[in-house]
Structures are given as structure tokens and as C-alpha cells.
Amino acid sequence: MRISALAARPVSWKNGGGVTRELALREKDGQMIWRLSLADITRDGPFSAFPGLARIHCIVEGDGHTLSNSKTRLEARPLEPLSFDGGLQLETRLRNGPCKAFNVIYDPARVTASAGILGACDVPAVNGVHVLFVVSGSLDVGEAGRFIAGEGIVTENTATGAISHGGVVIQVQFLPF
């Protein structure tokens, strides 16, 4: 399945503090298994909480931000996937202005999820459902197509391909229990 932040409609955050573009959603029996989105974070304030879910948050544009409460402090930095409990009540404080973040929200009782950053290289094959999302440059996945920044693919098949020189791709892997 092809995904595109360029074509996705912006919708308000759950808490009304910003906008996000939903890229893909996997559900079973009316329950979310996982969701991919690209969020615009333009101001300091409360971060949306997703009780019972886990989260991977990766800054793809801007300098990032700090997420904190009285017991927790998390630093969201560019191209460093940050995994945490989606149910945490956190406040965000921007670091040098607005940023964008690629988000993976998932049910840890149904799947495990991991994310990594790939530079200019051949894409390594992985098992399970996996996502390739282009942050910069381009990605050529042969018959599955060519993807530019803001686009990507969700597949259950082994996808091999090549990332352009200077390109950056987020690779996410979901494995069922």
C-alpha cells in the first residue's frame, strides 16, 4: 500500500493542539493495531495521550522538542526514533521553533514495533509488516514504484530497493505476538 503525506488530509490532534496527517491505519475487529501519521508541532503545550498504546516518535523536520511531566523527561531529536508509553500525560516544549514528527502508535498487546533510520543504501529485507517512509531524497522499490520525500510504502512482502544518495528513509517493522 502506497502512503503519502502529500495527499493526506490534515486533521486536528486528539487534544486540539495541532494537526496530523494519517498515513495508514491497521485495525482488527474495530480495534486499532497500529497507525502511522505525520504531525505538525507548532507550539508548546499538552501532547496527546493514547492510554493502553505505545508510541514511536521521530522528528523529520526542525530541531525537535522536549516531552516532560513531573517524573519523565524525553528528548525528541531529529532522526532519532523515540519509543515511549503512549498513555503518558506529557507537555511539549519546542526546541528552536516548529517541527514535524513521524508517529507510530500501536497496541503493544497485539504487535511489537521497531523503527530505524536508513541512509543511502540498499534496503535490508525484514520479516513481518514493514513500512518505508522517505524523509529526504528518493526510494526506488522496483515494481512497487519510486517514492519521494513524504511518501512511502506499507508491505507484508519483502521489499528491496535503493535509497538515493543523500536520502533518508524511516523503516518500521511490526511483528505479531
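Quick note: structure is the one above.
Scope of this entry: the structure provided in the associated data block. (Residues numbered from 1 in each chain as written. Predicted model: local features only at pLDDT ≥ 70, side-chain atom pairs only at ≥ 80, totals over all residues. Heavy atoms only, no water.)

**So, the sheet that holds strand β14 (residues 138–140)**
Hydrogen bonds between backbone groups are what pair the strands of a sheet, and the pairing can be parallel or antiparallel. Reading across from one edge, β15-β14-β17 is the order of the three strands in this open sheet, with antiparallel pairing throughout. Edge positions in the sheet fall to β15 (146–148) and β17 (162–163), since each has one partner strand and no second. (Pairing = 2+ DSSP bridges. Helix = DSSP H or I, 4+ residues; strand = E, 2+ residues; numbered from the N terminus.)

**Description of the state of the cysteines**
Evaluated as defined, the whole model comprises zero disulfides. Here C58 stays unpaired: no disulfide links it, and the sulfur of C99, its closest cysteine neighbor, is 11 Å away. Under the relative-accessibility criterion, C99 is labelled buried at 4%. (Disulfide = S-S within 2.5 Å. Buried < 20%, exposed > 50% of the residue type's maximum accessible area, 1.4 Å probe, protein only.)

**Notes on the pattern of salt bridges**
A full pass over the atoms with the stated rule returns eight salt bridges. Here R26 and E156 are joined by a salt bridge, their closest N and O atoms 3.2 Å apart. Placement of R26 in strand β3 (residues 19–28) and of E156 in the loop between β16 (151–155) and β17 is noted, with a sequence separation of 130 residues between them. Residue R26 is classed as partly exposed on the basis of its relative accessible area of 27%. With its nearest N and O atoms 3.0 Å apart, the salt bridge here joins E75 to R73. For E75, a relative accessible area of 25% gives the class partly exposed. Three or more residues are tied together by salt bridges with common partners; here these are R21, D40 and K100. (Salt bridge = Lys/Arg side-chain N within 4 Å of Asp/Glu carboxyl O.)

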